[in-house]
Each structure stands twice: as C-alpha cells, then as structure tokens.
Amino acid sequence: MKMVVIGGSGLIGRQLTAELGRRGHEAVAASPRTGVDALTGEGLAEVLVGAEVVVDVANAPSFEDAAVLDFFERSSRNLLAAARRAGVTHHVALSIVGTDRLDGNGYFRAKVAQERLIVASGLPYTIVRATQFFEFVATITAASVVGDRIVVPDADFQPIAAADVAAALAEVAVHEPRSRTIEIAGPDRLPFRDFVARCAAAAGDRRAVSADRSARYFGAALEKGSLVPEDAAAARLGSTRFATWLATV
C-alpha cells in the first residue's frame, strides 16, 4: 500500500516511515521539508494521489496556546479534506494519553480539538494516544528545576520509547481502521519522580528530586492517573524498558 506520513521528518515520522518501508509498503515522508505543508495545504493533493493510508504525526512549531490550537485545527481540516478527495481509506493520528483529562494545558486542549475533527470527518480512522516519550524526560527534568531541587508532580508516569510508538503506529496503519481511540504506553508504570531521578542521575545531576501534589505539568494540575492509560488492561505496551533505553543514550 501507499502510505503517507505527515510529519515524516520528525522524531516519530522518520522511524515510522522506515518501519513501514521494512514491511514492504510505499511509505512517503511528507513535511514542509519535502514541499508538503498541512497548515497551508500546499502539496497535500499531490502527495496523497494513490494513497490508501495517511498517518498524521505532525507537531506544532509553537506551543503557545492560540498558535498550537490554530495549528492542529487548520492542519487537520486541510488534511482531512484532502484525504477525502484522494479516496484515503484509513486516517491514523498520533495523540496523547490523558489529553482529555488535562484542560489546564493549551497543547492538550488543541489535541482534543484535533481528535474531534477526525471523529466528525466521516473518514475511517484510528487515533493512537501515546504516553510521553522517553526522549523528552530530560526536557521535563530541566523544566522541573526549582532553585537547587527538582520538583515533579506526585503522579504516576508510564513513558514509552519513540521507536515503540513508531512500531505501534505501523501496526495500526497496516490493519483495518478501528474508528476509535487506542492507548499505548511503556512497560513500566512508576511514580513520576522515579523516572526523573533516574534521568537526572544518568546526566550527573546530583540535585534532590521530590514529588509535590501542587507541582504542575507544563501548567496542568495532575491527579495520580492523569498521564497513564485510562484502561491499563487494554493498553498496548512497548517492549523497551526505560533503564535499558537510558543506558544507550
């Protein structure tokens, strides 16, 4: 099958395109770098000719509330309209576990808006909600520094390797659309503090890491289960453990 990966030059997009190619499909990485811009609509009609599946893993260039909402709404409308005209039979989109439970963060609100547009589009779809990637735990750690300490929310965390996200998306893309949302996560569910403390230690950061119920996650207040799959029994788990991944970076 011909499969178009929107956001194909990014962290997930590169790995997903390669994985689909290994499975024998014609995988096309589409992004502004290749002349395809979902935000403006440029190049969409051309790249989708003959495509059966489109996988949207594009990310917003700005996380400012209004800008990120505009990005996901406008790019999704353009992509969905172009996919309908091209006869695409499966629209796959990457979203975030807990996105509908964290309305204190503009990025999460924008992803909810994107999901709603997909569901209402009439196209057969599968939305894949992933937990946070291992690759961003260091960014979270840096953002959690308070004076001479690192303070994180008192919540559970279950991050996943980007490679496992790409593998899960590839598996979804080559099968029939589910017309529902599924969740994927890493194999280890532990307190948020544990992952951040391991990341800091691996980087040689000796600052104490503590959990605080009042600490925010990029502006959002967390409950214990805000960032982990809603249905733990149904979630697909990646195979890469955080400790294993951390030892390789």
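As a reminder, the structure under discussion sits directly above these lines.
None of these values were measured; they are calculated from a predicted model.

Caption draft 1: View of helix H4 (residues 106-120). Counted at 1.5 Å a residue, the expected span for H4 with its 15 residues is 21 Å, and the 21 Å between its end C-alpha atoms agrees. Buried residues of H4: Gly-106, Tyr-107, Phe-108, Ala-110, Lys-111, Val-112, Ala-113, Gln-114, Glu-115 and Ile-118, and no others. In this structure, the buried side of H4 is in contact with strand S3 (53-56), helix H3 (65-86), strand S4 (90-96), strand S5 (125-130) and strand S12 (216-217). The distance from a side-chain oxygen at the start of H4 to the backbone nitrogen of Tyr-107 is 2.8 Å, and the residue carrying that oxygen is Asn-105.

Caption draft 2: Molecular detail of the packing of H3 against H4. Closest axis-to-axis distance for the H3/H4 pair is 8 Å, and the angle between their directions is 15°. Between H3 and H4, the angle is such that the two are roughly parallel. The crossing of H3 and H4 is right-handed. Taken together, the residues of H4 that come into contact with H3 (itself represented by Asp-65, Val-68, Leu-69, Phe-72, Glu-73, Ser-76, Arg-77 and Leu-80) are Gly-106, Tyr-107, Arg-109, Ala-110, Lys-111, Ala-113, Gln-114, Leu-117 and Ile-118. Here the contact of H3 with H4 is composed, by residue class, of 9 nonpolar, 3 polar and 5 charged.

Caption draft 3: Structural detail: the sheet that holds strand S14 (residues 236-237). With respect to topology, 7 strands assemble into an open sheet ordered S2-S1-S3-S4-S5-S9-S14, the strand pairing being parallel. The two strands at the open ends of the sheet, each matched to only one other strand, are strand S2 (26-30) and S14. The pairing of strand S1 (residues 2-6) with S3 spans 4 bridges and is parallel. Across the sheet, residue Val-4 finds its bridge partner in S3, namely Val-54. In the packing of helix H1 (residues 11-22) onto the sheet, the strands contacted are S1, S2, S3 and S4, and the crossing angle to S1 comes to about 170°. Its contacts with the sheet place helix H6 (residues 162-173) against S1, S3, S4, S5, strand S9 (181-185) and S14, and it is angled at close to 155° to S4.

Parameters and conventions
- Position labels on residues start from 1 in each chain and follow its written sequence.
- Owing to the predicted nature of the model, reporting of local features is limited to residues with pLDDT of at least 70; listing and counting of side-chain atom pairs is limited to 80 or more, with chain, interface and lining totals taken over all residues.
- Heavy atoms from the whole structure form the basis of all side-chain values; hydrogens and water molecules are not counted.
- The way it works is that DSSP assigns letters per residue, a run of H or I at least four long becomes a helix, a run of E at least two long becomes a strand, and they are numbered from the N terminus.
- Helices are assigned an expected span. That span is 1.5 Å times one less than the residue count.
- Exposure categories follow from relative accessible area, calculated using a 1.4 Å probe and restricted to protein chains: below 20% of the type maximum is buried, above 50% is exposed, and the middle band is partly exposed.
- A contact between two residues is defined here by any heavy atoms of the two lying within 4.5 Å.
- A 3.5 Å cut-off defines polar contacts: any pair of N or O atoms within that distance qualifies, except that in protein one atom must be a possible hydrogen donor and the other a possible acceptor, and neighbouring residues in sequence count only when both atoms are side-chain atoms.
- Every angle, taken between N-to-C directions, lies between 0 and 180 degrees, and every axis is a line fitted to C-alpha atoms, over only the stretch in contact when it is a helix.
- Here roughly perpendicular refers to angles of 65 to 115 degrees, roughly parallel to angles under 35, roughly antiparallel to angles over 145, and oblique to all remaining angles.
- Handedness of a crossing is defined here by the sense of rotation of the near helix relative to the far one, left-handed for an anticlockwise turn of less than a right angle and right-handed for a clockwise turn.
- For this classification, Asp, Glu, Lys and Arg are treated as charged, while Ala, Val, Leu, Ile, Met, Phe, Trp, Tyr, Cys and Pro are nonpolar and the rest, including Gly, are polar.
- DSSP bridges decide pairing: two strands pair if at least two such bridges lie between them.

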